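If you want the building blocks of each chain, they are given just below.
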Amino acid sequence: MSPPAKSSAMQRRDFLKATAAGFGTTAALALPGCATMGGGSSRKVVIVGGGYGGATAAKYVRMWSNGGIDVSLVEPNPEFISCPMSNLVIGGSRDLAFITVSYDNLPGRHGVKVVRDAATTIDTGKRTVGLAGGGVLPYDRLILSPGIEFMWDKVPGLDNADAQAKVLHAWKAGPQTVALRKQLEAMPDGGVYVLSIPVAPYRCPPGPYERACQVAWYLRRAKPRSKVLILDGNPDVTSKAALFRKAWAEEYKGIVEYRGNHVLTDVDVATKTAKFEVQDDVRADVLNVVPPQRAGAIAREAEVVTANDRWCDVDFLTFESVQVRNVHVLGDAIQVAAGMPKSGHMANQHAKVCAAAVVALLSGQPPNPSPVLNNTCYSMITDKDSIHVCSVHQWDKDKKTLLPVPGAGGVSPAMSELEGIYAFAWAKNIWADTLA
Ligand SMILES: Cc1cc2nc3c(=O)[nH]c(=O)nc-3n(C[C@H](O)[C@H](O)[C@H](O)COP(=O)(O)OP(=O)(O)OC[C@H]3O[C@@H](n4cnc5c(N)ncnc54)[C@H](O)[C@@H]3O)c2cc1C
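Residues numbered from 1 in each chain as written. Predicted model: local features only at pLDDT ≥ 70, side-chain atom pairs only at ≥ 80, totals over all residues. Heavy atoms only, no water.

S.K.: If you had to explain the overall build of the chain to someone new, which residues and values would you point to?
M.R.: In terms of helices and strands, the chain carries 11 helices and 25 strands. Whereas a compact globule of 436 residues would reach a radius of gyration of roughly 22 Å, the chain reaches 22 Å, a difference of no more than 12%. Reported as C-alpha extents along the three principal axes, the dimensions of the chain are approximately 65 × 45 × 45 Å. Taken over 436 residues, the chain has a buried fraction of 55%. Residue pairs in contact within the chain that sit at least 24 positions apart in sequence constitute 68% of those at least 6 positions apart. (Helix = DSSP H or I, 4+ residues; strand = E, 2+ residues; numbered from the N terminus. Rg over C-alpha atoms; globule rule 2.2 N^0.38 Å. Buried < 20%, exposed > 50% of the residue type's maximum accessible area, 1.4 Å probe, protein only. Contact = heavy atoms within 4.5 Å.)

Now the structure itself:
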């Protein structure tokens, strides 16, 4: 595959555009070596997972190496389907097409080799990735961004495919998103939708509360006698708490009820009943369980799972595993730094720090010694109104980790339609930054 025919001026313009959209990091500013890398390098980067982290890393390693590094992106899904904004599909104000983006620009514009397959084995000694289809990909540097897998052993009643098809998570966007929407459409007026939230850390702290709002938005219009019951494993709302509580008390008064300290232990699928450590059983008309999570399975295969048998510790200057050399881990799979959410925006930022570091290391340069990352998470309260939380994370050379910059973040003063406009612009921008 030929490298992209792009001038370095065009690449600078792309970078500035990305920075203006809020997705830039300072990682790219320290890449003296990358402009000299063009032309027939045999250095190989293999990336596993074409989600928010992996797809961004693939594009940026190609761009920042001037096409000098060979990049293969392994992903089984034919299209990128975004979890951010997927709650609107469940609420019915958007459809699956709205959150679906083609992978075509990665090979077409950036020369990424998109391999439609799943990685099944990793030999970190020989530096090879084995594929389900039988192929083997050699690498100099491996980047893993496999997202999450569910810990079904924590919800024994859901430990089989039949049960999982009835009690949905819809925590990976795609068929389950559409299926949950259908369950809500089939629910009678006067029914109860129950949402179980796992104990943190989990993918997207505000995501469940946004989902409750989107389901309430739908029920208010279509089935006004129905209720949304949030049963949270955490003692309190884990993100934007005051704003969500206000929305439930005012916008969705009489529809949404929140109960904390509901740690799920099991479900009875036949009766759609949720069971808890301490609290009484709860029966639902639609039961939506977000199970506890850990790094995607391939991380275990690569032996980079180091924290609580769940997540992967990394060096935040490069996102290289602290345990296995030449293997980097991004996104939800990592053991996060203090105050860092498991979000798509954050995975995009990890990817850029990592891409810059990989390009630097493969060209004999040191990585940027002081990266700065940012995060913004919008949550749609209605089909138009939104709220946000944002933060900035900076390398602390003494503590050797990323720390939130005091006073550099915050939350919306109130939900508004203007924030809704920003939220849709955020989504369009990050999809373009990742995949265009
Ligand atoms: C309902 C919901 C709403 C959300 N809203 C927001 C939001 O508004 N803003 C925000 O920033 N974040 C949001 N998030 C969080 C965001 O979706 C995740 O944090 C983000 O997707 C993490 O990126 P990732 O690359 O780690 O994983 P993913 O994006 O999940 O990508 C992982 C990819 O790896 C692939 N993969 C896994 N194993 C293999 C293998 N063995 N071989 C090949 N490929 C493999 C998978 O197919 C997948 O495509 C939301 C999440 C949910 C569920």
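S.K.: Describe the site of the ligand, with residues and values.
M.R.: Within the structure, the ligand sits among 35 residues, and Gly53, Glu75, Arg203, Asp332 and His345 are positioned closest to it. The contact in question runs from an oxygen atom of the ligand to an N or O atom on the backbone of tyrosine 52, over 3.1 Å. Take histidine 345: an N or O atom from its main chain is 2.9 Å from an oxygen atom of the ligand. Protein contact buries 89% of the 1,000 Å² of open area that the ligand shows by itself. Take the shell around the ligand: its biggest share by element is 3 residues, from helix 10 (residues 344–362). Among the residues making up the shell around the ligand, the classes are represented as 16 nonpolar, 13 polar and 6 charged. (Near = heavy atom within 4 Å. Polar contact = N/O pair within 3.5 Å; in protein donor to acceptor, adjacent residues only side chain to side chain. Areas by Shrake-Rupley, 256 points an atom, 1.4 Å probe, with all protein chains shown as cover. Nonpolar A, V, L, I, M, F, W, Y, C, P; charged D, E, K, R; others polar.)

S.K.: Give a description of the nonpolar core that names residues and reports values.
M.R.: In terms of nonpolar packing, the biggest core is built from 132 residues, with Met85, Val129, Val228 and Trp431 touching the most fellow members. In terms of residue count, the dominant contributor to this core is helix 10 (10 residues). Once you skip the residues sitting within four places of it in the chain, tryptophan 431 turns out to touch Tyr52, Phe80, Ser82, Pro84, Met85, Phe98, Ile99, Val101 and Ala436. (Core = buried A, V, L, I, M, F, W, Y, C linked by side-chain atoms within 4.5 Å.)

S.K.: Outline the sheet that holds strand 8 (residues 136–138), supporting the account with residue identities and numerical values.
M.R.: Overall, antiparallel pairing links the 3 strands, which are arranged 6-7-8 in an open sheet. Each edge of the sheet is formed by a strand with only one pairing partner; in this case those strands are strand 6 (119–123) and strand 8. Direction aside, the axes of adjacent strands within the sheet are offset by 20° on average. (Pairing = 2+ DSSP bridges. Axes fitted to C-alpha atoms, helices over the stretch in contact; angles between N-to-C directions.)

S.K.: Provide a residue-level description of the domain arrangement of the chain, including the pertinent values.
M.R.: Domains assigned within the chain are domain 1 (9–76 + 116–149 + 294–369) and domain 2 (152–292). Opposite the 8 residues of domain 1 that make contact, domain 2 presents 8 residues. The junction of domain 1 with domain 2 conceals about 700 Å² of combined surface from both sides, 52% of it contributed by carbon and sulfur atoms. Contact with domain 2 buries area across many residues of domain 1, yet Ile148, Arg310 and Lys342 alone supply 61% of it, more than any other trio. (Domains from an automatic or database assignment. Buried area = accessible area lost by both parts, 1.4 Å probe.)

S.K.: Describe the packing of helix 2 (residues 52–64) against helix 11 (residues 417–435), and please don't skip the residues or the numbers.
M.R.: Two elements in contact, helix 2 and helix 11, have axes separated by 7 Å at closest approach and are oriented at 50°. Here helix 2 lies oblique to helix 11, going by the angle between them. Two secondary-structure elements touch here, helix 2 through Tyr52, Ala55, Thr56, Lys59 and Tyr60 and helix 11 through Ile430, Trp431, Ala432, Asp433, Thr434 and Leu435. When the residues that make up the contact of helix 2 with helix 11 are grouped by side-chain class, the tally is 7 nonpolar, 2 polar and 2 charged. (Parallel < 35°, antiparallel > 145°, perpendicular 65-115°, else oblique.)

S.K.: How would you summarise the pairing of strand 1 (residues 44–48) if you had to cite specific residues and measurements?
M.R.: Among the 5 residues of strand 1, 4 are classified as buried, and the element is accordingly described as predominantly covered. Pairing of strand 1 with strand 2 (residues 70–74) involves 5 bridges; the strand directions are parallel. Residue pairing across strands places valine 46 opposite serine 72, the latter belonging to strand 2. Viewed along the sheet, the connection from strand 1 through helix 2 into strand 2 turns out right-handed. Summarising the sheet, strand 1 and strand 9 (residues 141–144) pair through 4 bridges and their orientation is parallel. Its bridge partner lying in strand 9, isoleucine 47 is registered against isoleucine 143. (Right-handed = clockwise from strand over helix to strand, strands pointing away.)

S.K.: Explain the packing of aromatic side chains to me, using residue names and the numbers behind them.
M.R.: Scanning the entire structure with this criterion turns up 11 aromatic pairs. With a centroid separation of 4.8 Å and an interplanar angle of 65°, the aromatic rings of tyrosine 60 and tryptophan 64 are classed as edge-to-face. Note that tyrosine 60 and tryptophan 64 are positioned in helix 2 at a spacing of 4 residues, about one turn of the helix. Accessibility expressed as a relative area gives 8% for tryptophan 64, which makes it buried. Aromatic side chains phenylalanine 98 and tryptophan 431 sit 5.7 Å apart centroid to centroid with 75° between the ring planes, which places their arrangement in the edge-to-face category. A residue pair is termed long-range when its members are at least 10 positions apart, and phenylalanine 98 in the loop between helix 3 (86–91) and strand 4 (100–102) and tryptophan 431 in helix 11 qualify at 333 residues. In this structure, arginine 94 is placed above the aromatic ring of phenylalanine 98, and the distance from its NZ or CZ to the ring centre is 5.0 Å. (Phe/Tyr/Trp six-rings, centres within 6.5 Å; stacked < 30°, edge-to-face > 60°. Lys NZ or Arg CZ within 6 Å of the ring centre and 35° of its normal.)

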